[in-house]
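Per-entry structural report
The residues making up each chain are set out below.
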Amino acid sequence: MKTYRIAAIPGDGIGKEVIAAGIDVLKLLCEKEGFKLEFTAFDWSSERYLETGEYIPEGGLAQLKAFDAIFFGAVGSPRVPDHLSLWGLRLPICQGFDQYANVRPSRLLPGIEPKLKDANEIDWVIVRENTEGEYSGSGGRVHRGLPEEVAVEVSTFTRNGVARIHRFAFELARTRPRKHLTLVTKSNAQRHGMVLWDEIFYEVAKQYPDVQTDRVLVDAMTTRMVLKPASLDTIVASNLHADILSDLAAALSGSLGIAPTANLNPERSFPSMFEPIHGSAFDITGKGIANPIAAFWTASMMLEHLGEARAAARLMRAIERTTAERVFTPDLGGVHDTRAVTNAVKRAL
Ligand code: IPM
Ligand code: MG
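Residues numbered from 1 in each chain as written. Chains lettered and ligands numbered in written order. Predicted model: local features only at pLDDT ≥ 70, side-chain atom pairs only at ≥ 80, totals over all residues. Heavy atoms only, no water.

**A look at the overall build of the chain**
Spelled out, the test is: Strands are runs of DSSP state E lasting at least two residues, helices are runs of H or I lasting at least four, and both sets are numbered from the N terminus onward. Using C-alpha atoms as the atom set, the radius of gyration is obtained and then compared with a globule rule of 2.2 Å times the number of residues to the power 0.38. Accessible area is worked out with a 1.4 Å probe on protein chains only. A residue is then buried under 20% of its type maximum, exposed over 50%, and partly exposed in between. It only takes one pair of heavy atoms within 4.5 Å for two residues to be counted as in contact. Note on areas: Shrake-Rupley with a 1.4 Å probe; residue coverage comes only from the protein chains shown. Charge counting follows a simple rule: Lys and Arg are positive, Asp and Glu are negative, and His as well as the terminal groups are ignored. For this purpose, a charge sits on NZ of Lys, CZ of Arg, CG of Asp or CD of Glu.
Helix and strand counts for the chain come out as eleven helices and twelve strands. Computed over C-alpha atoms, the radius of gyration of the chain comes to 20 Å, within 12% of the 20 Å expected from 2.2 N^0.38 for 349 residues, which places it in the range of a compact globule. Buried residues in the chain amount to 54% of all 349 residues. If you take every contact in the chain between residues at least 6 apart in sequence, the share linking residues at least 24 apart comes to 76%. Only carbon and sulfur atoms are counted for the fraction: they give 52% of the accessible area of the chain, which is about 15100 Å². Here the chain holds 40 positive side-chain charges and 43 negative ones, and the gap between their average locations is 5 Å.

**Section: the domain arrangement of the chain**
Heads up, the rule is: Residue ranges for the domains trace back to a domain assignment, done automatically or taken from a database. Note on terms: buried area is the combined drop in 1.4 Å-probe accessible area of two parts once they are placed together, counting the loss on both. The term salt bridge refers to a side-chain nitrogen of Lys or Arg lying within 4 Å of a carboxyl oxygen of Asp or Glu. Counted as a polar contact is a pair of N or O atoms within 3.5 Å, where, for protein atoms, one must be capable of donating a hydrogen and the other of accepting one, and residues adjacent in sequence contribute only when both atoms are in side chains. Three classes are used, and their members are as follows: Ala, Val, Leu, Ile, Met, Phe, Trp, Tyr, Cys and Pro are nonpolar, Asp, Glu, Lys and Arg are charged, and the others, Gly among them, are polar.
When cut into domains, the chain gives domain 1 (1–99 + 266–349) and domain 2 (114–253). Each of domain 1 and domain 2 has a C-alpha centre, and these two points are 25 Å apart. In total, domain 1 and domain 2 occlude about 740 Å² of area from one another, counting both sides; carbon and sulfur atoms represent 52% of this. Considering only the surface of domain 1 that becomes buried against domain 2, Q95, D98 and I277 emerge as the three largest contributors, covering 43% of it. For the interface between domain 1 and domain 2, the tally reads one salt bridge. We note a salt bridge from D98 to R164, for which the minimum N-O separation is 2.9 Å. Where domain 1 touches domain 2, the interface holds four residue pairs in polar contact (both at pLDDT 80 or more). A per-class count over the side of domain 1 that touches domain 2 returns five nonpolar, two polar and two charged.

**Considering the site of ligand 1**
Counted only if it meets this: Only heavy atoms are used to decide nearness, and a residue is near a molecule or strand if one of them lies within 4 Å of it.
Taken together, L86, R90, R104, R128, Y135 and D243 form the complete shell of residues around ligand 1. Y135 is positioned with one of its side-chain polar atoms (N or O) 2.5 Å from an oxygen atom of ligand 1. A distance of 2.8 Å is found between an oxygen atom of ligand 1 and a side-chain nitrogen or oxygen belonging to D243. Computed on the free molecule, ligand 1 has an accessible area of 320 Å², of which 71% lies beneath the protein chains in the complex. Here the shell around ligand 1 is built from residues that sort into two nonpolar, no polar and four charged.

**Section: the packing of helix 5 (residues 159–175) against helix 6 (residues 193–205)**
Our working definition: Every axis corresponds to a line fitted to the C-alpha atoms, with the helix fit spanning only the stretch in contact, and the corresponding angles, defined between N-to-C directions, vary from 0 to 180 degrees. Each angle gets one of four labels, with under 35 degrees taken as roughly parallel, over 145 as roughly antiparallel, 65 to 115 as roughly perpendicular, and the rest as oblique. Take the far helix as the reference: if the near one is turned anticlockwise from it by less than a right angle, the crossing is left-handed, and if turned clockwise, right-handed.
In contact at an axis separation of 9 Å, helix 5 and helix 6 are set at 50 degrees when each is read in the N-to-C sense. One element, helix 5, and the other, helix 6, form an angle in the oblique class. The two elements helix 5 and helix 6 cross, and the hand of that crossing is right-handed. Across the interface between the two elements, R159, V162, A163, I165, H166, R167 and F170 of helix 5 pack against L196, W197, I200, F201, E203, V204 and A205 of helix 6. When grouped by side-chain class, the residues that make up the contact of helix 5 with helix 6 number ten nonpolar, one polar and three charged.

**Brief notes about the pairing of strand 3 (residues 69–74)**
Keep this limit in mind: Pairing between two strands is assigned when DSSP locates at least 2 bridges connecting them.
For strand 3, the tally of buried residues reaches six of six residues, placing the bulk of the element in the interior. Across five bridges, strand 1 (residues 3–11) lies against strand 3 in parallel orientation. Looking at strand 3, one finds that I9 is bridged to F72. With three bridges connecting them, strand 3 and strand 12 (residues 272–276) associate as parallel partners.

**Quick notes on the sheet that holds strand 9 (residues 212–217)**
Spatially, ten strands are ordered 2-1-3-12-11-4-5-10-8-9 in an open sheet, and the strand pairing comes out mixed. The two strands at the open ends of the sheet, each matched to only one other strand, are strand 2 (36–41) and strand 9. Going from strand to strand, the sheet's axes swing by 25 degrees on average, the running direction of each strand aside. Along the sheet face, helix 7 (residues 218–227) touches strand 5 (123–129), strand 8 (180–185), strand 9 and strand 10 (234–237) and points at about 110 degrees away from the line of strand 9. The sheet contacts of helix 8 (residues 239–252) involve strand 4 (101–107), strand 5, strand 8 and strand 10, and relative to strand 5 the element is tilted by about 155 degrees.

**Looking at the packing of aromatic side chains**
Two descriptors summarise a pair of aromatic rings, namely the distance from one centre to the other and the angle between the planes of the rings. The criterion, for reference: Between the rings of Phe, Tyr and Trp (Trp by its six-membered ring), a pair exists once the centres lie within 6.5 Å; its type follows the angle of the planes, with under 30 degrees stacked, over 60 edge-to-face, and the other angles tilted.
Applying the stated rule across the entire model yields nine aromatic pairs. Ring centres of Y4 and F35 lie 5.8 Å apart, and the angle between their planes is 80 degrees; this geometry places the pair in the edge-to-face category. In this pair, Y4 is assigned in strand 1 and F35 in the loop between helix 1 (15–33) and strand 2, connecting sequence segments 31 residues apart. By the burial criterion, Y4 is buried, and F35 matches it. With centroids separated by 5.0 Å and ring planes inclined at 20 degrees, the aromatic side chains of F170 and Y208 adopt a geometry described as stacked. Of the two residues, F170 sits in helix 5 while Y208 sits in the loop between helix 6 and strand 9, which places them 38 residues apart along the sequence. These aromatic residues form a ring-pair network of at least three members: F170, F201, Y202 and Y208.

**Quick word on the environment of K16**
If you trace the backbone, K16 turns up in helix 1. Relative accessible area serves as the criterion here: at 40%, K16 is assigned to the partly exposed category. Measuring from C-alpha to C-alpha, the distance between K16 and S77 comes to 13 Å, with 61 residues separating the pair along the chain. In this structure K16 touches P10, G11 and E47, once residues within four positions along its chain are discounted.

**Some details on helix 5**
Let me state the cut-off plainly: To estimate the expected span of a helix, subtract one from its residue number and multiply by 1.5 Å.
For helix 5, with 17 residues, the first-to-last C-alpha span of 25 Å sits near the 24 Å given by 1.5 Å per residue. Within helix 5 the residues assigned to the buried category are G161, V162, A163, R164, I165, H166, F168, A169, F170 and A173.

Encoded structure:
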């Protein structure tokens, strides 16, 4: 029987709750679809960091590399500064495994109360550059604590890095019915990196004459998403721009509690990583009310990546049946808990 090895990293906060729910649903699904998922759990988390001083133990990435995919919960704790937790766990995996294409679909699922009059027109995929740009990590801080203190945060745009993400976005846009790709930029103000970003987009565009394009400044993009949702389809944006726009997209299409993401290494030289975008949500941790839908949708993206398209579609249909029946956690205005939503999806499967 076809077997896939999955590394599960629940991490912090509600990550533990939603990854457990995801594994529960996935186990039932693969049984029904006739393949096997073999999960190995890693305790890499802020708790581990506070005990040992490390998120990822010595040799951890090499160990992780052997897996077919990574199913990731969340990282972030009130007891650890956010920049340490992020750079301790999530970013070393994204950068170390060259997961340069971050894919974030948004769509209003059946039964979900639209936040906008035109929300049912939302059917977007945001492609986020995921290894450089504003999150390159280059920069530094000197003269700490003195009045002369300086901090420099360098956005890095490389020709290779920009070309490959634009190519990825065009390839994706081409597979979607509308074949439309919007370039998000801020090249009016950021005249070096973002100008290169735009230039390479139009160079790559020449190879995709079947894909229609337009170009929108990131500030104008926020109003466009709210006021003209139907004018957008596939969207490509830099690391930080897409980070911000994808939260807006999640809110407009219902809740951060349903939004999935895939951190892809398209060449498959390394495993890709799949995670809900909601983060650790310490305000509701341990209450059993975390929305598992984002983790399920994320799991569906993972199956798609593994080549199990039929199982991925089946899981998506089960999610949609559950939202249509309004089996909702409190973030969607419901009274159900994580377990009830999980059971509903399992019944639908
Ligand atoms: C996301 C998150 C992360 C990011 C946080 C947790 C640092 O907001 O995946 O969108 O900014 O990349
Ligand atoms: Mg974000």
